[in-house]
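A closer look at the structure
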Amino acid sequence: MYKRFFLAVLLGASLWAQAPEGIPRELARQRAHQLKSVRYQISYTIAPQAASIAGHQELRFEQSADELGIVSQFLDFREGTVSSLSINGQTAPTAIHNGHIELPGELLRVGENLVTIDFTAPVAPAGKALTRFEDKDDGSEYIYTLFVPMDASMAFPCFDQPDLKAKFHLTIVAPGSWTVVSNSPVVGTTPIAGGTKRTEFAETKPISTYLFAFAAGPFKKVHDLPGLPGIYVRQSKLKRAEEEAAEVQEITAQGIDYLSGFFAQPFPFRKYDLVLIPGFAYGGMEHAGATFLREESVLFRTAPTHSDYLNRDILLLHETTHQWFGDLVTMRWFDDLWLKEGFAQYMAYDALAHLKPREDIWKRFYQAIKPAAYAIDSTRGTTPIYQDIANLKDAKSAYGAIVYSKAPGVIKQLAFVLGEAQFRDGLRLYLKEHAYANAEWSDLVSAFERVSGKQLGAWASIWIRTQGMSRVDSDWNCNPQKGSIDYFVLKQAHQGDVFDVVRPIAMQVLLRYADGHELHLRAQLNENRTDLDEAFGQACPLFVFANDQDYAYGRFLLDPRSRKAVMEQLGEIKDVFERTLLWGSLWDSVREAELDPRDYIELALRLLPTESDESIAQSIIASMTTALHRYVSPADRLELAAKVEALAYQKMVRSPERDMRIIWFRALRGAAETPGGRRHLKDLLSGQLVVPGVELRPQDRWNIVTSLVALNDPEAGALLAAEEKRDPSGDGRKYAYVAAAARPDGGVKKQYFDQYLRDA
């Protein structure tokens, strides 16, 4: 079909029978080759509660000719209507077919073209690029956009592909009490008839269509200070936002300073705002100059721990990094989605590690990043980091753990291979050469090669274009007479691959001794197996671990001798990063059926009472709860559940640190299933039991109710009704709906599932 389609394009024919669905890559390449200097001047008129928004647009672009002359072009526009269309002053048909508007070749010309359009675009509470949120607490209304990956064409006619960057000049007419935020600064507001006002924004730098955005409604600006990013929040959450704004602004401003220096590029846009959006589909969306953040990710709905605040820092720095990696330089096509997401994730941790050097940030990187990546990458359903996307309508399938978790893990491996200075210099060169333009992963590899002098093409091809992961095992032996190592081999085997893949893996190997002394040996594994020559003749260690400091990406299990030693000595290891990695390897051994899950739970029960690190405790508790609910036999579960509940209760009320009390409160809620455990939850709801120094927030209470409903507790129905009466807020109604859906009844599940399908 595409061959016929593009032949028709080249011949300048009417193409309605062949107009494609979505945006195929062939069409995008053709447009990128023929069009440049694209500019959108867009005006919207927003009426409260309306089902659509009226718009007027002047689109300018320069078109080149090929050997067959001027060809027709397609504008992308879905689900809206067009009432008038003119091309270079001549009226043109307004029909929309398959999400496209034809711009006939006979009306276009070489050089600059002007297309003028009057249109309407749909707005709805869900499923549209223009989304309406109605605040149930005060009745106010908010409109916001979300265009990634190709939904800008649901809001205005455009060339909706990332490599046709354009300048945008936006004007919005809205109720006079509303605030409008967009990519660039406001240059003027004008009161007009009917209690409305016109807000005009400065023209943007060149950005991709999916990065253009606006939010409108009775937003309030919080903690407005020169030199700090602006924060906007719905008016009903103003008080809560005032409590959090300073910390959010400070870490963001520090991140901008750090990244500007690291990249040797100043902040790319004229201003930076953060807009908190309730129920936003992602944790954040990095619109150029105006990041939208999920409100719940910033204004905590549950009692927060120190880790929760650090996770929020990572979110803020991730979206801030995108202003360079994604917005200043944008991937040419969404098969390189990892170019922005993987690097934003990695650089968020790198930035926070420098801004808060005492926080063991790379330990948190391992805890937050690696498990999700390994879980999917060890299966046959995994995909490469680079995913071939033939049509942008399928681009949302590229999002997931491979891009957000594996890619930053591989980037950390690359930084280890290159060294910190050459890694930094490669990024600087890449951003300098492609500023306000587009690039592919090969461009980044080229930049790294030029600054390092290393050939990375084969390395990158294996890591980026092949799916799956390697399992790396250590096989070693000691000479009992000499007390030294006489054999040490590293081996790799594929996991999750359709075909065997031998990956180049650089790592640091740990040898730990009974007196606490350690050796750290760098190793390179380029084949299925290699001798670790540096280990030969070293004193016989207590145990070895092949991914010290987590530089490598792969499954690194402890050999049987080391695993036994680690389980005996783990409580004595003081280094929190090392302890984290060893706990992670033990959990991987459970998942690989090399360690009995009961043994893992019993080890956790033995060591958790003295674990002082909050994030390690949280990670162990999560794994222990998973093992309890999914891996052990029913008989073992009954026995062990009571022990877990008892420990959680004891630590919840007696831990000296507030954060640990919160962690153990969450553990009790997640593990409780016996009558005694459920009674503790009900006592927390009634106030007969309290977590010392911790006030449960509304979502904490709703989480308890939901757990009791899911456990089919006899009092769950009454408790649900009581909590609905206690919390009639908009959020409360949402949580009550979720809690009711948790009933362990097939009929209830079907009812809610059918309702979801019907209302979607």
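Below you will find a few notes about this structure. Quick caveat: nothing in here was measured; it's all calculated off a predicted structure.

Structural notes on the overall build of the chain
In terms of regular secondary structure, the chain is built from 22 helices and 28 strands. Over its C-alpha trace the chain gives a radius of gyration of 28 Å, about what one expects of a compact globule, namely 27 Å for 760 residues. Principal axes of the C-alpha set define a box for the chain whose edges measure 90 × 65 × 50 Å. The buried share among the 760 residues of the chain stands at 58%. Taking the contacts inside the chain whose residues are at least 6 apart along the sequence as the reference set, 69% of them involve residues at least 24 apart. As displayed, the chain has an accessible area near 30200 Å², and 51% of this comes from carbon and sulfur atoms. One finds the centroid of the 85 positive side-chain charges in the chain at a distance of 2 Å from the centroid of its 97 negative side-chain charges.

Quick notes on the nonpolar core
Ranked by size, the top nonpolar core spans 243 residues in total, and within it Phe156, Phe423 and Met507 carry the most contacts. Per-element tally for this core: the top contributor is helix α6 (residues 337–355), with 11 residues. Leaving out residues up to four positions away in the same chain, Phe423 has contacts with Phe343, Tyr346, Met347, Ile411, Leu414, Ala415, Leu418 and Phe448.

Side note on the environment of Arg669
Its place among the elements puts Arg669 in helix α17 (residues 658–671). Assessed through its relative accessible area of 25%, Arg669 is described here as partly exposed. With 35 residues separating them in the primary sequence, Arg669 and Ile704 have C-alpha atoms 6.3 Å apart. What Arg669 contacts, discounting residues up to four positions off in sequence, is Leu681, Asn703, Ile704 and Ser707.

Section: the sheet that holds strand β26 (residues 529–531)
Strand order across the open sheet formed by four strands is β26-β23-β22-β28, with mixed pairing between neighbours. The open sheet terminates on both sides in strands that have one partner only, identified here as β26 and β28 (555–556). Judged from the three bridges that link them, strand β23 (residues 484–495) and β26 form a sheet pairing that is antiparallel. Bridge pairing in β26 links Leu490 to Thr530.

Considering unusual backbone geometry
Between Val148 and the following residue, Pro149, the backbone shows a cis peptide bond with an omega angle of -5 degrees. Secondary-structure assignment places Pro149 in the loop between β9 (141–145) and β10 (166–175). Despite not being glycine, Tyr436 shows a phi value in the positive range, around 60 degrees. Considering the arrangement of structural elements, one finds Tyr436 in the loop between α9 (420–433) and β21 (437–439). Relative accessible area serves as the criterion here: at 27%, Tyr436 is assigned to the partly exposed category.

A short note on α9
If you check α9, its first and last C-alpha atoms are 20 Å apart, about what 14 residues at 1.5 Å a residue would give, namely 20 Å. Listed as buried for α9 are Phe423, Gly426, Leu427, Tyr430 and Leu431. Each buried residue of α9 lies within a common arc of 130 degrees when the element is viewed along its axis, so the set occupies one face. In the core, the buried residues of α9 are packed alongside α3 (238–263), β20 (329–331), α6, α8 (401–418), β21 and α10 (441–452).

Remarks on the sheet that holds strand β24 (residues 505–512)
Judged by pairing direction, the sheet is antiparallel, and its three strands sit side by side in the order β25-β24-β27 without closing on themselves. The open sheet terminates on both sides in strands that have one partner only, identified here as β25 (518–525) and β27 (543–545). If you compare each strand with its neighbour and ignore which way they point, the axes differ by 20 degrees on average. Across eight bridges, the pairing between β24 and β25 is antiparallel. Within the sheet, the bridge partner assigned to Met507 lies in β25 and is Ala523.

Things to note about the pattern of salt bridges
Within this structure, the stated rule accounts for 55 salt bridges. The residue Lys237 makes a salt bridge to Asp731 at a minimum N-O spacing of 3.4 Å. Taken as a pair, Lys237 in the loop between β16 (230–234) and α3 and Asp731 in helix α21 (residues 730–741) lie far apart in primary sequence, 494 residues in all. Across the salt bridge formed by Glu611 and Arg579, the nearest N and O atoms sit 2.8 Å from each other. Taken together, the residues span a long stretch of sequence, with Glu611 in the loop between α14 (597–607) and α15 (614–631) and Arg579 in helix α13 (residues 576–591) at a distance of 32 residues. Through salt bridges with shared partners, one network takes in Asp135, Arg234, Lys237, Glu295, Arg301 and Asp731.

Overview of a nonpolar patch on the surface
A surface patch of nonpolar side chains, amounting to about 370 Å² of accessible area, comprises Phe753, Tyr756 and Leu757. Within the element layout of this structure, Tyr756 appears in helix α22 (residues 746–759). Its relative accessible area of 56% is what places Tyr756 among the exposed residues.

With respect to the packing of α6 against α10
Helix packing geometry: the angle between the two helix axes and the distance between the axes. Axis separation between α6 and α10 bottoms out at 9 Å; the angle between their running directions is 55 degrees. Compared by their axis directions, α6 and α10 come out oblique. Taken together, the residues of α10 that come into contact with α6 (itself represented by Trp338, Leu339 and Phe343) are Trp441, Leu444 and Phe448. Grouping the amino acids of the contact of α6 with α10 by side-chain chemistry returns six nonpolar, no polar and no charged.

Observations regarding the packing of aromatic side chains
A complete count under the given rule lists 44 aromatic pairs for this structure. For the pair Phe325 and Tyr430, a centre-to-centre distance of 5.5 Å together with 20 degrees between the ring planes defines the contact as stacked. Here Phe325, found in the loop between α5 (306–322) and β20, pairs with Tyr430, found in helix α9; they are 105 residues apart in sequence, far enough to count as distant. Tyr430 shares its class with Phe325; the two are buried.

Structural notes on α6
Taking 1.5 Å per residue as the helical rise, α6 with its 19 residues ought to reach 27 Å, and the 27 Å between its terminal C-alpha atoms agrees with that figure. Most of α6 sits out of view: 17 of its 19 residues are buried.

Here's the deal with the packing of α15 against helix α16 (residues 634–654)
Following both chains from N to C, one finds α15 and α16 inclined at 150 degrees, their axes separated by 9 Å at the closest point. Between α15 and α16, the angle falls in the class roughly antiparallel. Read as a crossing pair, α15 and α16 show a hand that is left-handed. Of α16, the residues touching α15 (which contributes Met624, Leu628 and His629) are Arg637, Leu640, Ala641 and Val644.

Procedures and definitions
Residue positions are given per chain, counted from 1 along the sequence in the order it is written. Given that this is a predicted model, residues contribute local features only at a pLDDT of at least 70 and side-chain atom pairs are listed and counted only at 80 or more, while totals for whole chains, interfaces and linings are drawn from all residues. To obtain the side-chain values, all non-hydrogen atoms of the structure were included, while hydrogens and water were left out. What counts as a helix is a DSSP run of H or I of at least four residues, what counts as a strand is a run of E of at least two, and both are numbered from the N terminus. All radius of gyration figures rest on C-alpha atoms, and the globule criterion is 2.2 Å times the number of residues raised to 0.38. In this scheme, a residue with accessible area under 20% of its type's maximum is buried, one over 50% is exposed, and one in between is partly exposed, where area comes from a 1.4 Å probe on protein chains only. In this analysis, two residues are considered to be in contact whenever any of their non-hydrogen atoms come within 4.5 Å of each other. Exposure was quantified through the Shrake-Rupley algorithm and a 1.4 Å probe, taking into account, for residues, occlusion by the shown protein chains and nothing else. The positive count covers Lys and Arg only, the negative count covers Asp and Glu only, and His and the chain ends enter neither. Taken as the charge location is NZ of Lys, CZ of Arg, CG of Asp or CD of Glu. The nonpolar core is taken to be a set of buried Ala, Val, Leu, Ile, Met, Phe, Trp, Tyr and Cys residues, with the residues joined through side-chain atoms within 4.5 Å. At least two bridges found by DSSP between two strands are what make those strands a pair. Here the expected length of a helix is defined as 1.5 Å per residue gap, with one fewer gap than residues. When we speak of the arc, we mean the arc of directions from the helix axis to the C-beta atoms. Angles run from 0 to 180 degrees between N-to-C directions of axes, and those axes are lines fitted to C-alpha atoms, restricted for helices to the stretch in contact. Any carboxyl oxygen of Asp or Glu within 4 Å of a side-chain nitrogen of Lys or Arg constitutes a salt bridge here. Two joining distances apply to patches: 9 Å for like charges and 5 Å for nonpolar side chains (Val, Leu, Ile, Met, Phe, Trp, Tyr), and every residue must have over 30% relative accessible area and no salt bridge. Roughly parallel covers angles under 35 degrees, roughly antiparallel covers those over 145, roughly perpendicular covers 65 to 115, and oblique covers all other angles. When residues are sorted by character, Ala, Val, Leu, Ile, Met, Phe, Trp, Tyr, Cys and Pro go into the nonpolar class, Asp, Glu, Lys and Arg into the charged class, and all the rest, Gly among them, into the polar class. Aromatic rings from Phe, Tyr and Trp, taking only the six-membered ring of Trp, are treated as a pair when their centres fall within 6.5 Å; an angle between ring planes under 30 degrees marks them as stacked, one over 60 as edge-to-face, and anything in between as tilted. Working rule for handedness: look at the near helix, and if it is turned counterclockwise from the far one by less than a right angle, call the crossing left-handed; if clockwise, right-handed.

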